[in-house]
Amino acid sequence: MMREKRENLCVTVPTLFRCPISMDVMKSPVSLCTGVTYDRSSIEKWLSLGHATCPATMQTLFSTHTTPNLTLRRLITLWLSHPGGTPTPPLSLPTSISKQQVREVINGALNCDSLAKIIHFMKVSDDNLKFIAFSDDAVSNFVEFFGSCKKIEACELIVEILDLILLENGAKEKFNSLILKSDVDCLSSFLLILREGSMESKIKSARILESIAFNSESQLKIAEKEGILYELYTLIAVENDRLAIQAALSSLLAISSSRLVRKELIRFGIVKRIGEILSIFDFSSTVRAVIEKSLGLLEMVATCTEGREGISEDEKCVAEIVKRLMKCSNVATEHSITVIWSVCCLARDRTAQDKVMQVNGLTKVLLVMQSDCSVSTRQMCRELVKVLRVKNSKSCFASYETRTTHIMPY
C-alpha cells in the first residue's frame, strides 16, 4: 500500500519545463539571444558572475538582454494547475504556421491563443519578425486591439508582440506614430499592465513607453495620462529587480523633459529613492546602467529649485553621489559632477557643501578635473574647487583659537 502511494507521488517533469542550469521547473522562463530558455534567477546569476556565454551552447553572447518566454510560462502554469494528481502537459507548444495562416489570424478575431501563435511565429526567424513588423495591417490591428483590450493576459501578449516589433530597425518610427495617433486609448492599457501585470510585462511596457516618447508632444501626452508617472515611479520605489528599475528609469528620463513632470517626481520622493538605489547597488559592471540612469534622472531633477533642495536635504544622496565619482563610468561621473555643481555652486547650499567635504569630495573633484572629462565638466570642477577650498579654509581657521598681541613700538 505504501509502495503504491510512493509510486503515485512520482511526477515526470517535461524536459522543456526544466531550467538547463538549475534543472528545476522554471518559475520565470526567459530566452537569450541564442534562443535557449532559462529560469530568470539562474541566468541572471550566471551573467552577474561575469560570464559572456550561453551556458547550454557556450556561444559568445552579442547581447545579454533576455526576453520573457510567455508561451512557455503559460504552459508551465497550466501544467502545474492541472487537476487529478497526474500533471501532464494539457497542450503542446504552438506549431509553426505559414505566413498565409498568420495573415488570416491577424485579420480574424484576436484572442490569447491567436496572439500566442503570432509570438511563436515571430520568434522562429528574423524573416518572420520582419514580416510582422513591416506589415501595416498587422501593427495597426495589434494597436487597435490593445487600446480596447481589458483583459490583462491579452494585454501582456500584445505588449510582448510590440516589444519584439521595436527590435526591428525602421519599424520603430512607424509604430511610434501609430500608437500615439491612434483613436484608441493605448495608454490606459499600458497603465493596466503597470498596475496588475507580471514583472516581465511591466518591464516591456516601460521600454515601449520610452520608445514612443520621441518628441515633446508624445512626452507630454504620456506624462499627462493620470497614473502613468506614479506607476513608473512605483516600479523603482517598491522593486529591487535591477531590470525593472533600469527600464523604469529609462522611461522616466524620456518623459521628464518638462518642469511640471520633474516637480511631480520630486513630490513622489524620487530624490530619496535614488539615494537609496545608489547606496544599495554595488560598483559592479552589471549595475552600471542603473547607476548611470539614476544619476541622469537626478541631474534632470537638479535643474529646478525644488530638486536641488531635495538633494541637499536628503541624508544619503549627496554623499552617495560623491562616492560614485570615478568609480562607475565616465557617463556616471559627469552626471555626478553636474548634480554636485548644481547644489554647491548654483544653489550655494552650505549643507550640501558640508556633506561633500565630509566624504573627501574636494580631492575627488580634483581627480575628475585631471581626468579625460568633457570641457563643460572640467569647468564645473574648477568652480567646485573654488567653492570647496573656501569652505575648507574657513573650517580650518575655525578649528584654531587665535590671539592677537599688539606690540607697542619704542
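That block above? That's the structure.
Only a predicted model underlies this, so the values are computations on that prediction, with no experimental measurement involved.

Reading the values: the criteria
- Residues numbered from 1 in each chain as written.
- Predicted model: local features only at pLDDT ≥ 70, side-chain atom pairs only at ≥ 80, totals over all residues.
- Heavy atoms only, no water.
- Helix = DSSP H or I, 4+ residues; strand = E, 2+ residues; numbered from the N terminus.
- Expected span 1.5 Å × (residues − 1).
- Buried < 20%, exposed > 50% of the residue type's maximum accessible area, 1.4 Å probe, protein only.
- Pairing = 2+ DSSP bridges.
- Axes fitted to C-alpha atoms, helices over the stretch in contact; angles between N-to-C directions.
- Parallel < 35°, antiparallel > 145°, perpendicular 65-115°, else oblique.
- Left-handed = near helix turned anticlockwise from the far one by under 90°.
- Contact = heavy atoms within 4.5 Å.
- Nonpolar A, V, L, I, M, F, W, Y, C, P; charged D, E, K, R; others polar.
- Phe/Tyr/Trp six-rings, centres within 6.5 Å; stacked < 30°, edge-to-face > 60°.
- 1 Å grid on protein atoms, 1.4 Å probe; cavity = no way out; pocket = protein on both sides within 12 Å on 5 of 7 lines; lining within 4 Å.
- Points joined across faces, edges and corners; volume = space filled by probe spheres on them.

*Asks:* Sorry, what's going on with helix H8 (residues 152-165) here?
*Replies:* The periodicity of an α-helix, 3.6 residues per turn, causes residues three or four positions apart to be oriented the same way. An ideal rise of 1.5 Å per residue puts 20 Å on 14 residues; H8 measures up with 20 Å between its terminal C-alpha atoms. The element H8 is extensively covered by neighbouring structure, given that 12 of its 14 residues are classed as buried. Along H8, the residues that are buried comprise Ala154, Cys155, Glu156, Leu157, Ile158, Val159, Glu160, Ile161, Leu162, Asp163, Leu164 and Ile165.

*Asks:* Sorry, what's going on with the sheet that holds strand E2 (residues 37-39) here?
*Replies:* Strand pairing in a sheet is mediated by backbone hydrogen bonds. Such pairs are either parallel or antiparallel. The strand order across the open sheet built from 3 strands is E2-E1-E3, with neighbouring strands paired in antiparallel fashion. Whereas interior strands pair on both sides, the edge strands pair on one side only; in this sheet they are E2 and strand E3 (67-68). In terms of strand pairing, strand E1 (residues 29-31) meets E3 through 2 bridges, oriented antiparallel. Opposite Ser31, over in E3, you have Thr67 as the bridge partner.

*Asks:* I tried to follow unusual backbone geometry on my own but got confused; where do I start?
*Replies:* For residues that are not glycine, phi is negative in most cases, and the peptide bond is trans in most cases. Non-glycine residue Met326 carries a positive phi angle of around 65°. Looking at the element boundaries, Met326 is found in the loop between helix H19 (317-323) and helix H20 (330-346). With a relative accessible area of 45%, Met326 lands in the partly exposed category. At Asn360, a residue that is not glycine, the phi angle is positive and equals roughly 60°. On the basis of relative accessibility, which here comes to 42%, the residue Asn360 falls in the partly exposed class.

*Asks:* What am I meant to see in the packing of helix H10 (residues 186-196) against helix H13 (residues 228-237) here?
*Replies:* What describes two packed helices is the angle between their axes and the distance between those same axes. One can describe the packing of H10 onto H13 by two numbers: an axis separation of 10 Å at closest approach and a directional angle of 30°. Our classification of the angle between H10 and H13 gives roughly parallel. Pair H10 / H13 crosses with left-handed handedness. Across the interface between the two elements, Leu187, Phe190, Leu191, Leu194 and Arg195 from H10 touch Ile228, Glu231 and Leu232 from H13. Here the contact of H10 with H13 is composed, by residue class, of 6 nonpolar, no polar and 2 charged.

*Asks:* Is there a simple way to think about the packing of aromatic side chains in this case?
*Replies:* Centre distance and the angle of the planes are the two values used to describe a pair of aromatic rings. Counted according to the given criterion, the structure contains 6 aromatic pairs. Ring centres of Tyr230 and Tyr233 lie 6.4 Å apart, and the angle between their planes is 45°; on these two criteria the pair is classed as tilted. Of this pair, Tyr230 and Tyr233 are both found in helix H13, 3 residues apart, which corresponds to roughly one turn of the helix. Taken together, the aromatic side chains of Tyr230, Tyr233 and Phe268 make up a single cluster linked through ring pairs.

*Asks:* Is there a simple way to explain the layout of surface pockets in this structure?
*Replies:* Left-over empty space is what a probe sized like a water molecule reveals as it rolls over the atoms. Roughly 980 Å³ of volume is contained in the largest pocket. Ser31, Leu32, Gly35, Val36 and Lys123 are, among the 32 residues lining the largest pocket, the residues nearest its centre. Looking at the lining of the largest pocket element by element, the count peaks at 5 residues for helix H5 (residues 112-124). Residues belonging to the lining of the largest pocket are distributed by class as follows: 16 nonpolar, 12 polar and 4 charged. Taken together, 30 residues make up the lining of the second largest pocket; nearest its centre are His65, Thr66, Arg207, Leu243 and Gln246. Where the lining of the second largest pocket is concerned, the elements lending two or more residues are helix H2 (40-48), helix H11 (199-212), helix H14 (242-255) and helix H17 (288-301). With 6 residues, the single largest contributor to the lining of the second largest pocket is H11. Split by residue class, the lining of the second largest pocket holds 9 nonpolar, 11 polar and 10 charged.

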